[in-house]
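Architecture at a glance
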Amino acid sequence: MSLKCWLLVAIFAYILFVSDAAPFHRGYHRFVVREATYTRLCESKKLLTVNGMFPGPTIEAYQGDTITVDVHNRGNHNITIHWHGVKMPKNPWSDGPEYVTQCPIKPGGRFRQKVIFAKEVGTLWWHAHSDWFRATVHGPIFIYPKPGFSYPFPKPAADIPIILGQWWKEDIVRVLQQLRLTGGQPIDSDAYMINGQPGNLYPCSQNGTFKTIVKKGETYLLRIINAALNEILYFGIDSHTLITVATDAHYSKPLSSQYVVVGPGQTLDCLLHADQTTASYYMAASPYVSGRGVNFSNTTTTAILQYDAIFPTAAPKDLPLFPAYNDTLAAMNFSYSLRALKSKEHPTEVPQKIKRRIISTISINARPCTSANPNQTCQGPNGTRLAASMNNISYISPRIDILEAYFYKIPGVFWRSFPNRPPFVFNYTAEVFPLDLEVPRSGTKVKVFKYNSSIELIFQNTNIIGGIDHPMHLHGMNFFVVGWGFGSFDEENDPKNYNLDDPQERSTIIVPRGGWTAVRFVAMNPGVWFLHCHFERHLTWGMETVFIVTDGSRPWERMLPPPPDMPPC
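Since the structure is predicted, the reported quantities are computational estimates derived from the model, not experimental observations.

**Side note on the packing of aromatic side chains**
For any pair of aromatic rings, geometry is given as the distance between the ring centres together with the angle between the planes. Within this structure, the stated rule accounts for 23 aromatic pairs. For the ring pair Phe 407 and Tyr 408, a centre distance of 5.0 Å and an interplane angle of 90° mean the geometry is edge-to-face. Phe 407 gets classed as partly exposed once you look at its relative accessible area, which sits at 31%. Ring plane angle 75° and centroid distance 5.3 Å describe the contact between Trp 484 and Phe 486, whose orientation is recorded as edge-to-face. Given a relative accessible area of 27%, Trp 484 falls into the partly exposed group. Residue classification places Phe 486 among the partly exposed residues on the basis of a relative accessible area of 42%.

Laid out in structure tokens, this is it:
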């Protein structure tokens, strides 16, 4: 063979190697936020998208990668983008929550965000973090093991994204405006969705139903994301078992179940064995709602799992079986049965001792009807306006972001006085409360932690106004879910039953109605990090606070400097 032929063979072999080793573009992405027209449920409307796509584009990365995303705002509204569950070590500047780590990107503006992955591996997602635009501005993040490393389970034949969401016929801007004007509950969504499609149980949705084809005998990895604004959802596939192997991009012990429960913000990686008779099967999702008097759409979204066959298969007939929509015990039994994988290759480093314990109530509240705005009404309970709080403080968003105020030492933007304990000790899960417990205080109060502090945080749910589950999400740090229970947290006895061996590791946890959840984490990520309920209505009402982690003493323990193109306030 001539030298020229050898060179051609070598070049071809190199191209094949590179194509196999790097099957996706890792380093750079361009997000153009703009309006696009979509038709669902017999009606068309304009909605905000990234690159005209709904759901938005998939970001793929390897564990430990750093990527750059240029976000261009060509829409008509302010926008920010958050990388949900990505720890962003030392780089809160690109985390994204509006008026927490940045001011919004104004129409016509641009912001280059550096997305730094750490130990995460599995499925996460990105979404808008301003107003309610994450209803349509969202997309998946697939994080693969580092090159040369493998999954702790057999490599699947393919990945199948399952993005759960909600659809309103009404413009989402007007949905939020209605919530703020009335002081009551939001307008119900008109449909739930799987991968941007309502499914064939809804009007005008037969042709658009999402369908995926599988080959009998193969195993697939379902990457499940709950992008819904206000609902915890059941998900399952008729006649099939789901095996959960990761939670919020951290490996877990395999857990087999006929359905899974996913709160807004949460992700699950589930193995699916295509081991049934060659046919078509329904995939479905429907709501789990525990709150009494809470408005919601009790409907079901569907998609189709179709086995590859020579001849067409009949349409699916049976839906997967789910518990009752308000079966708290069933939902919590799944959520809290998950455990960390804990192996030599994937250790679990749970803080065994803590420096500080914080107990925070999470409550729905009500304010007296005293609005001076003639356009506002009071459609909350007994003519009030609904609110929400943590430790009886309803958060007020400042007009300059807290991160820049902290970094540049700008006074009067926030106060370092978020309390370690509730202001009142009472039976948090009782059915009747004194009226003075219903009204929260307001403020922009944060909690400051020294670098490397071991923290225990107790989320204590209350039944003030009306109890309901709360999916609580922490930016910048994951936590270990060491305990949970119903009733009021017993500081003397409940810690005796903690799981400090292999608790699940998450960034979002569902706190049960009428109960509590205990989590532990080490404050090792210097910066400003948002903590909030991932129900959008509760976030709008004030169920959030901010954690600030100070710099450590060594250079590598310090927050990175701000980028040159931070959006102006």
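That was the structure; now back to the text.
**Here we look at helix H3 (residues 328-335)**
Counting buried positions along H3 gives 6 out of 8 residues, so the element sits mostly inside the fold. Where H3 is concerned, the buried positions are Thr 328, Ala 330, Ala 331, Met 332, Phe 334 and Ser 335.

**Some words on the sheet that holds strand E26 (residues 470-474)**
Reading across the sheet, the 5 strands line up as E24-E32-E31-E26-E29 and stay open at both edges, with mixed pairing between neighbours. Unpaired on one side and paired on the other, strand E24 (446-449) and strand E29 (508-511) mark the two borders of the sheet. Pairs of neighbouring strands in the sheet enclose a mean axial angle of 20°, with direction left out of account. Summarising the sheet, E26 and E29 pair through 4 bridges and their orientation is antiparallel. Opposite Met 472, over in E29, you have Ile 509 as the bridge partner.

**Description of helix H2 (residues 172-182)**
Within the span of H2, buried status applies to Ile 172, Val 175, Leu 176, Leu 179 and Thr 182. Seen along its axis, H2 keeps its buried residues to an arc of 145°; they face one direction. Where the residues of H2 are buried, they touch strand E21 (385-390) and helix H5 (536-541). For H2, the N-terminal cap is Asp 171; the gap from its side-chain oxygen to the backbone nitrogen of Val 173 is 2.8 Å.

**Thoughts on the state of the cysteines**
Among covalent bonds in proteins, the disulfide is the one between the sulfur atoms of two cysteines. The tally for this structure, following the rule as stated, stands at 3 disulfides. Paired through a disulfide, Cys 103 and Cys 569 show a sulfur-sulfur distance of 1.8 Å. Taking the sign of the S-S torsion, about 85° here, the bridge from Cys 103 to Cys 569 comes out right-handed. One end of the pair, Cys 103, is in the loop between strand E5 (81-84) and strand E6 (110-116); the other, Cys 569, is in the segment after strand E32 (544-549), with 466 residues separating them in the sequence. Cys 103 gets classed as buried once you look at its relative accessible area, which sits at 0%. By relative accessible area, Cys 569 is classed as partly exposed at 48%. Through a disulfide, Cys 369 is tied to Cys 378; the S-S separation comes to 1.8 Å. Linking Cys 369 and Cys 378, the disulfide has an S-S dihedral of approximately 75° and is accordingly described as right-handed. On the accessibility criterion, Cys 369 (43% relative accessible area) is partly exposed. Residue classification places Cys 378 among the buried residues on the basis of a relative accessible area of 17%. Counting only the cysteines that take part in disulfides, in the order they occur along the chain, gives the pairing 1-3, 2-6, 4-5.

Each value, and the rule that gives it
- Residue indices begin from 1 for each chain and proceed along its sequence in written order.
- Under the rules for a predicted model, residues below a pLDDT of 70 receive no local features and side-chain atom pairs below 80 are neither given nor counted, while totals for whole chains, interfaces and linings still include all residues.
- Only hydrogens and water are set aside; all other atoms, that is, all heavy atoms of the structure, feed into the side-chain values.
- Within 6.5 Å between ring centres, the rings of Phe, Tyr and Trp (the latter by its six-membered ring) count as paired, and their orientation is classed by plane angle as stacked under 30 degrees, edge-to-face over 60, tilted in between.
- Exposed residues in this analysis have more than 50% of their type's maximum accessible area, buried residues have under 20%, and partly exposed residues fall in between, with area computed by a 1.4 Å probe over protein chains only.
- Strands are runs of DSSP state E lasting at least 2 residues, helices are runs of H or I lasting at least 4, and numbering of each runs from the N terminus.
- Criterion used throughout: strands pair if DSSP finds at least two bridges between them.
- Think of each axis as a best-fit line through the C-alpha atoms, taken over the contacting stretch in the case of a helix, with angles from 0 to 180 degrees between the N-to-C directions.
- This arc describes the spread of directions from the helix axis toward the C-beta atoms.
- Any pair of residues with heavy atoms lying within 4.5 Å of one another is described as a contacting pair.
- Pairing of N or O atoms within 3.5 Å defines a polar contact, subject to two protein rules: one partner must be a possible hydrogen donor and the other a possible acceptor, and residues neighboring in sequence count only if both atoms are side-chain atoms.
- Put simply, a disulfide is two cysteine sulfurs that come within 2.5 Å.

Honestly, that's just the spatial picture; any functional story needs more than this.
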